[in-house]
Amino acid sequence: MIRPDDSASGRTPLLEVRDLHTHFPVRRGLLKKTVGYVKAVDGVSFDVFPGETLGLVGESGCGKTTVGRTLLRLIPATSGQVTFGGVDLFALSAGEMKTYRRKMQIIFQDPYGSLNPRMTIGRIIGEPIQVHGLARGSELNDRVASLLKRVGLDPDYARRYPHEFSGGQRQRIGIARALALEPKFIVCDEPVSALDVSIQSQVLNLLDDLQDEFGLSFLFIAHNLAVVEHFCDRIAVMYLGRIVELAGREQLYRNPLHPYTQALLSAVPEPNPVRKRQRIMLTGDVPSPISYLDEKYGQTTIQAAQTTTATTEEGVECIDRAALLDRPPLIEVPDDPGHFVSAQP
């Protein structure tokens with residue numbers, strides 16, 4: 001398991017996640033009987049330190065977004081513990097959690113779907129400020145104008161509606177809303193995946209500047225490994241609800257150890273047309289996160305396959321996805337401190 005002091009500096013984590021599970025029941029029949037569970041998150045542990053950006057990567061459906069929303073209690077957790085600044089968030093009442101929502105915010109993936117089309121930009125950004133009683137009247141308008149200016153938008157845009165903006169501008173509005181309460185930790189749920197490449201760099205540079213200015217900590221959820229390499233300090237690789245490798249940015253890209261990580265990195269486009277990268281492909285169907293109950297024994301049935309690899313005529317190495325179902329707990333690599341991989345001891 002990941003130690004609380006897995007950072008080389010020995011700093012105290014701002015956010016600690018231990019053995020987090022988020023399962024959704026599968027119901028069938030006239031009586032809607034529970035016949036199984038979708039194990040979206042199935043035992044995740046990691047830390048986020050003050051001023052750090054932790055990247056959470058993996059293909060679609062691996063549970064990245066569910067992790068981020070469960071941390072903020074937007075989705076109820078099945079089990080596990082999330083500690084923020086030494087406080088167990090899952091033990092707080094709804095009223096007590098409201099105070100901590102000022103310190104923890106989220107930037108959603110869809111810059112348009114996350115904005116109310118019937119509200120002006122000024123009302124969207126100012127609403128959380130009003131809800132928490134931080135400002136009213138002219139003071140509220142001044143704070144909204146200041147936030148818009150900080151994310152590179154004209155303060156006069158406060159009177160406009162979301163449909164009047166481009167995708168990049170909408171994402172900046174979402175960032176301004178996340179900053180409205182002066183949080184310490186922000187979940188960035190694929191904040192640039194829906195944007196053009198030129199706009200992606202602008203938004204990433206903005207987030208980087210805001211992190212330096214306000215001392216923010218980010219959980220950066222993405223599937224673009226090229227973006228993660230340049231933006232994150234440490235990277236956690238998720239596969240089918242669990243983290244299979246966690247390491248510093250340079251450690252992971254220099255020496256990926258888990259077959260799934262190796263396959264993801266081999267798919268990153270190579271900018272140098274002369275240099276060839278060894279391609280590793282995952283074959284077979286993507287495993288389902290649904291586990292059906294064994295009614296006779298009241299347990300779930302887990303099937304794992306042996307690691308099977310093959311090489312095609314073109315020299316491409318293939319790994320059967322079924323071979324990755326066995327995901328042991330993370331252990332630290334003996335000769336590489338801070339590098340954790342899901343492997344047998």
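Description of the structure in this document.

Criteria and cut-off values
Throughout, a residue's number is its position along its own chain's written sequence, starting from 1. Only residues with pLDDT of at least 70 are given local features in this predicted model, and only at 80 or more are side-chain atom pairs given and counted; all residues enter the totals for whole chains, interfaces and linings. In computing side-chain values, all of the structure's heavy atoms are included and hydrogens and water are not. Pairing of aromatic side chains requires ring centres within 6.5 Å, counting the rings of Phe and Tyr and the six-membered ring of Trp. Pairs whose planes differ by under 30 degrees are stacked, by over 60 edge-to-face, and all others tilted. A 1.4 Å probe rolled over the protein chains alone gives each residue an accessible area, and that area as a share of the maximum for its type sets the label: buried under 20%, exposed over 50%, partly exposed in between. We count a stretch as a helix when DSSP gives it H or I for four or more residues in a row; a strand needs E for two or more, and each element gets its number in order from the N terminus. Every helix has an expected span of 1.5 Å times one less than the residues it contains. Whether two residues touch is decided by their heavy atoms; if any such pair falls within 4.5 Å, the residues are in contact. Paired strands, in this sense, are two strands between which DSSP finds at least two bridges. A fitted line through C-alpha atoms serves as each axis, taken over the contacting stretch for helices, and the angle formed by two N-to-C directions is quoted from 0 to 180°. Definition of a polar contact: a pair of N or O atoms within 3.5 Å, with one able to donate and the other able to accept a hydrogen when the atoms are protein atoms, and with sequence-neighbouring residues admitted only if both atoms are side-chain atoms. Two helices that cross are described as forming a left-handed crossing if the nearer one is turned anticlockwise from the farther one by less than a right angle, and a right-handed crossing if clockwise. Each residue receives one of three labels: charged for Asp, Glu, Lys and Arg, nonpolar for Ala, Val, Leu, Ile, Met, Phe, Trp, Tyr, Cys and Pro, and polar for the others, Gly being one of them. Working rule for angles: under 35 degrees goes down as roughly parallel, over 145 as roughly antiparallel, 65 to 115 as roughly perpendicular, anything else as oblique.

### Notes on the packing of aromatic side chains
Consideration 1: A complete count under the given rule lists 5 aromatic pairs for this structure.
Consideration 2: With 5.4 Å between their ring centres and 65° between their planes, tyrosine 157 and phenylalanine 165 make a pair best called edge-to-face.
Consideration 3: For tyrosine 157, a relative accessible area of 19% translates into the label buried.
Consideration 4: The class of phenylalanine 165 is buried, set by a relative accessible area of 5%.
Consideration 5: Judged by centre distance (4.8 Å) and plane angle (50°), the rings of phenylalanine 220 and phenylalanine 231 are tilted. With phenylalanine 220 in strand β8 (residues 217-222) and phenylalanine 231 in helix α7 (residues 225-231), this residue pair connects regions lying 11 residues apart in the sequence.
Consideration 6: Through a chain of ring-to-ring contacts, the aromatic side chains of Phe218, Phe220 and Phe231 assemble into a single cluster.

### Focus: helix α5 (residues 167-179)
Consideration 1: Here α5 is 13 residues long and its end C-alpha atoms lie 19 Å apart, about the 18 Å a rise of 1.5 Å per residue gives.
Consideration 2: The element α5 is extensively covered by neighbouring structure, given that 11 of its 13 residues are classed as buried.
Consideration 3: Within the sequence span of α5, burial applies to Gly168, Arg170, Gln171, Arg172, Ile173, Gly174, Ile175, Ala176, Arg177, Ala178 and Leu179.
Consideration 4: Where α5 is buried, its residues meet β6 (104-107), α3 (121-131), α4 (137-150), β7 (185-189) and α6 (197-214).

### Some words on the sheet that holds β8
Consideration 1: Spatial strand order, β6-β7-β8-β3-β9-β10-β17-β16: 8 strands in an open sheet with mixed pairing. Bordering the open sheet on either side are β6 and β16 (330-332), each of which pairs with just one other strand. Each neighbouring strand pair of the sheet contributes to a mean axis angle of 20°, computed without reference to strand direction.
Consideration 2: The pairing of strand β3 (residues 53-57) with β8 spans 5 bridges and is classified as parallel. Bridge pairing links leucine 56 to isoleucine 221 in β8.

### Some words on the environment of arginine 234
Consideration 1: Along the polypeptide, arginine 234 turns up in strand β9 (residues 234-239).
Consideration 2: The class for arginine 234 is buried, based on a relative accessible area of 10%.
Consideration 3: Each C-alpha atom, one on arginine 234 and one on alanine 247, is 5.7 Å from the other, the two residues being 13 residues apart in sequence.
Consideration 4: Only 2.5 Å separates the side chain of arginine 234 from the side chain of glutamate 52, close enough to count as a polar contact.

### Here's the deal with unusual backbone geometry
Consideration 1: The phi angle at arginine 73 is positive, at roughly 60°, despite the residue not being glycine.
Consideration 2: In this structure, arginine 73 sits in the loop between α1 (64-71) and β4 (79-84).
Consideration 3: Relative accessible area serves as the criterion here: at 28%, arginine 73 is assigned to the partly exposed category.
Consideration 4: Of note in the backbone geometry, leucine 240 takes a positive phi value of approximately 55° without being a glycine.
Consideration 5: Here leucine 240 is to be found in the loop between β9 and β10 (242-248).

### Details of the packing of α3 against α4
How two helices pack is summed up by the angle between their axes together with the distance between the axes.
Consideration 1: It is the contact of α3 with α4, at a shortest axis distance of 9 Å, that shows an interaxial angle of 115°. Crossing handedness for the pair α3 and α4: right-handed. The residues of α4 that touch α3, namely those facing Ile121, Gly122, Ile125, Gly126, Ile129 and Gln130, are Leu140, Arg143, Val144, Leu147 and Leu148.
Consideration 2: Across the contact of α3 with α4, the residue classes tally to 7 nonpolar, 3 polar and 1 charged.

### Quick look at the packing of α5 against α6
Consideration 1: Orientation of α5 relative to α6, taken along the N-to-C sense of each, is 15°, at an axis distance of 10 Å. When the axis of α5 is compared with that of α6, the two are roughly parallel. In the crossing of α5 with α6, the sense of the turn from one axis to the other is right-handed. Touching Gly168, Gln171, Arg172, Ile175 and Leu179 of α5 are Ile199, Gln202, Val203, Leu206, Leu207 and Leu210, all from α6.

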